[in-house]
Amino acid sequence: MGVKVKRVYEHPDPADGYRILVDRVWPRGVGRERAAVDLWLREAGPSTELRTWFGHDPERFEEFERRYRAELDGSEPLKELKDAVGQNRTVTLVYSAKDEEHNQAVVLKKLLEQPPEPLPGRRR
């Protein structure tokens, strides 16, 4: 169980579990059968403006992550991803970027693996 990330161009594997495509745009040259995703959650991808600004420049990744987290904060797609992860199954976030270290799936994985924030006024 847990959260994994994988390029859509890699072969799907049963160990991937529930596969969620987290790109706003469908990956070039990949048919639906080959992608083998259970869900395309396009709204989980970064906005067109943010994606264009980032341009997959590793030097901009830290700021991209900050802006992307702000876009996701309290969003329905993030809630949907958290629900999928909360069902005690493996979830693989599928993406199309060439850079395996600097992309939205990496940011989402970190977000989904963070422990939940304690409720205000409550102690752990």
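Here the structure is shown first, and the text comes after it.
These notes cover the structure that comes with them. Computed from a predicted model, the values in this text were never measured in an experiment.

### Overview of the overall build of the chain
Phase 1 of the analysis: Counting secondary structure elements, the chain contains 5 helices and 4 strands.
Phase 2 of the analysis: In the chain, the succession of α and β elements from N to C terminus is β-β-α-β-α-α-α-β-α.
Phase 3 of the analysis: In terms of overall size, the chain behaves like a compact globule, its C-alpha atoms giving a radius of gyration of 15 Å where 124 residues would be expected to give roughly 14 Å.
Phase 4 of the analysis: Taken along the three principal axes of its C-alpha coordinates, the chain extends 50 × 35 × 20 Å.
Phase 5 of the analysis: Classification of the 124 residues of the chain by burial places 37% in the buried group.
Phase 6 of the analysis: A fraction of 61% describes how many contacts in the chain between residues 6 or more apart in sequence connect residues 24 or more apart.
Phase 7 of the analysis: When the accessible surface of the chain is summed, it comes to about 7,900 Å², and 47% of that surface belongs to carbon and sulfur atoms.
Phase 8 of the analysis: When the 23 positive and 23 negative side-chain charges of the chain are each reduced to one mean point, those points stand 2 Å apart.

### Quick word on the packing of aromatic side chains
Phase 1 of the analysis: Per the counting criterion, the structure on display carries 5 aromatic pairs.
Phase 2 of the analysis: Considering the side-chain rings of Trp 26 and Trp 40, the 5.0 Å spacing of their centres and the 75° angle between planes classify their relative orientation as edge-to-face. Highlighted residues: Trp 26 in the loop between strand S2 (18-21) and helix H1 (32-35) and Trp 40 in strand S3 (residues 39-40), separated in sequence by 14 residues.
Phase 3 of the analysis: For the pair Phe 64 and Tyr 68, a centre-to-centre distance of 5.5 Å together with 20° between the ring planes defines the contact as stacked.

### A short note on the pairing of S2
Phase 1 of the analysis: Across 4 bridges, the pairing between S2 and strand S4 (residues 90-95) is parallel. Its bridge partner lying in S4, Arg 19 is registered against Thr 92.
Phase 2 of the analysis: Direction of pairing for S2 relative to S3: parallel, over a ladder of 2 bridges. Across the sheet, the residue bridging to Ile 20 is Leu 39, located in S3.

### As for helix H5 (residues 104-113)
Phase 1 of the analysis: Summarising burial for H5: 7 of the 10 residues are buried, a large majority.
Phase 2 of the analysis: Burial in H5 covers these residues: Gln 104, Ala 105, Val 106, Val 107, Leu 108, Leu 111 and Leu 112.
Phase 3 of the analysis: Its buried side turned inward, H5 meets strand S1 (2-7), helix H3 (61-72), helix H4 (76-85) and S4.
Phase 4 of the analysis: For H5, the side-chain oxygen to backbone nitrogen distance between the N-cap and Ala 105 is 2.9 Å, and the N-cap itself is Asn 103.

### So, the environment of Ser 75
Phase 1 of the analysis: By the secondary structure assignment, Ser 75 is in the loop between H3 and H4.
Phase 2 of the analysis: For Ser 75, a relative accessible area of 15% puts it in the buried group.
Phase 3 of the analysis: Sequence separation between Ser 75 and Ala 44 is 31 residues, and the spatial gap between their C-alpha atoms is 8.6 Å.
Phase 4 of the analysis: A distance of 3.3 Å separates a polar side-chain atom of Ser 75 from the backbone nitrogen of Leu 78.

Here is what the cut-offs are and how they apply
- Residues numbered from 1 in each chain as written.
- Predicted model: local features only at pLDDT ≥ 70, side-chain atom pairs only at ≥ 80, totals over all residues.
- Heavy atoms only, no water.
- Helix = DSSP H or I, 4+ residues; strand = E, 2+ residues; numbered from the N terminus.
- Rg over C-alpha atoms; globule rule 2.2 N^0.38 Å.
- Buried < 20%, exposed > 50% of the residue type's maximum accessible area, 1.4 Å probe, protein only.
- Contact = heavy atoms within 4.5 Å.
- Areas by Shrake-Rupley, 256 points an atom, 1.4 Å probe, with all protein chains shown as cover.
- Lys, Arg positive; Asp, Glu negative; His and termini not counted.
- Charge placed at Lys NZ, Arg CZ, Asp CG, Glu CD.
- Phe/Tyr/Trp six-rings, centres within 6.5 Å; stacked < 30°, edge-to-face > 60°.
- Pairing = 2+ DSSP bridges.
- Polar contact = N/O pair within 3.5 Å; in protein donor to acceptor, adjacent residues only side chain to side chain.

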